[in-house]
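So the chains spell out like this:
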Amino acid sequence: MDPQGSPGERHLQQQCGTQARAARFYADQMLDHLNPRMREFIARQEMVFVSTSDGHGECDASFRAGPPGFVTVLDDRTLTFPDYRGNGVMASLGNIVENPHIGLLFVDFFRDLIGLHVNGRAAVVADAIMRAAHPALPVPDIPGRRTERWVVASVMEAYIHCSKHIPRLARLPRQRHWGTDDFKRKGGDYFGVKAFAPGSPPAR
């Protein structure tokens, strides 16, 4: 990745007259590694938004969550997060197998109201291999939740997401059913997709 942005970025900056503002951002807000403050920020986050695309460029955006520190910074250019048992589709991981580019967005909705973008390249690594190399990786202490593999990302860009439009949220207690295959506990057919499946009777 070009530290001064992609050709598409530069083209639009020239077209829109924002080259000077963009140059200041690249110089003052973007790194090719994680500095100590970024590492501390990641270590206390409980969620991350994950963007990937397949070999044809078809995109997918996903969401990962866990206890503070579930995303582990291994060094200033490498971070990793666990992949738990899910719906079995493996959309994000399948994309990474085809196309290693990954975009991560951490947002603190609760305290500092700030975000951190981390872009780079990723690989999928088996849990046993990761734990042999990094014995200090966290082990889930929640019944029904088990790490099956890890996504390991090499950092190429790290930069701020401004706080202007980030809402302040409040944590509320809720019951979670980790590891369940119960259809209703996982959200059921909330969006009514089943009615549009081939062979389904027409919706009324």
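A quick note: this is a predicted structure, and the numbers were derived from the prediction, not measured.

Things to note about the packing of aromatic side chains
Geometrically, a pair of aromatic rings is defined through the distance of the ring centres and the angle of the planes.
Argument step 1. Considering all chains together, one arrives at three aromatic pairs under this definition.
Argument step 2. Sitting above the plane of the Phe110 ring, Arg171 keeps its charged end 4.0 Å from the centroid.

Comments concerning the pairing of strand S8 (residues 147-161)
Argument step 1. In the sheet, strand S1 (residues 30-31) pairs with S8 via two bridges, with the strands oriented antiparallel. Residue pairing in the sheet places Leu31 in a bridge with Ala158 of S8.
Argument step 2. With seven bridges connecting them, strand S5 (residues 78-84) and S8 associate as antiparallel partners. Note that in S8 the partner of Asp83 across the bridge is Arg149.

Topic: the side chain of Arg64
Argument step 1. Mapped onto the fold, Arg64 is located in strand S3 (residues 59-65).
Argument step 2. The class for Arg64 is buried, based on a relative accessible area of 18%.
Argument step 3. In this structure the side chain of Arg64 is engaged in a polar contact, spanning 2.7 Å, whose partner is the side chain of Ser62.

What counts, and at which threshold
Residues numbered from 1 in each chain as written. Predicted model: local features only at pLDDT ≥ 70, side-chain atom pairs only at ≥ 80, totals over all residues. Heavy atoms only, no water. Phe/Tyr/Trp six-rings, centres within 6.5 Å; stacked < 30°, edge-to-face > 60°. Lys NZ or Arg CZ within 6 Å of the ring centre and 35° of its normal. Pairing = 2+ DSSP bridges. Helix = DSSP H or I, 4+ residues; strand = E, 2+ residues; numbered from the N terminus. Buried < 20%, exposed > 50% of the residue type's maximum accessible area, 1.4 Å probe, protein only. Polar contact = N/O pair within 3.5 Å; in protein donor to acceptor, adjacent residues only side chain to side chain.

Any link to function would need more than the numbers given here.
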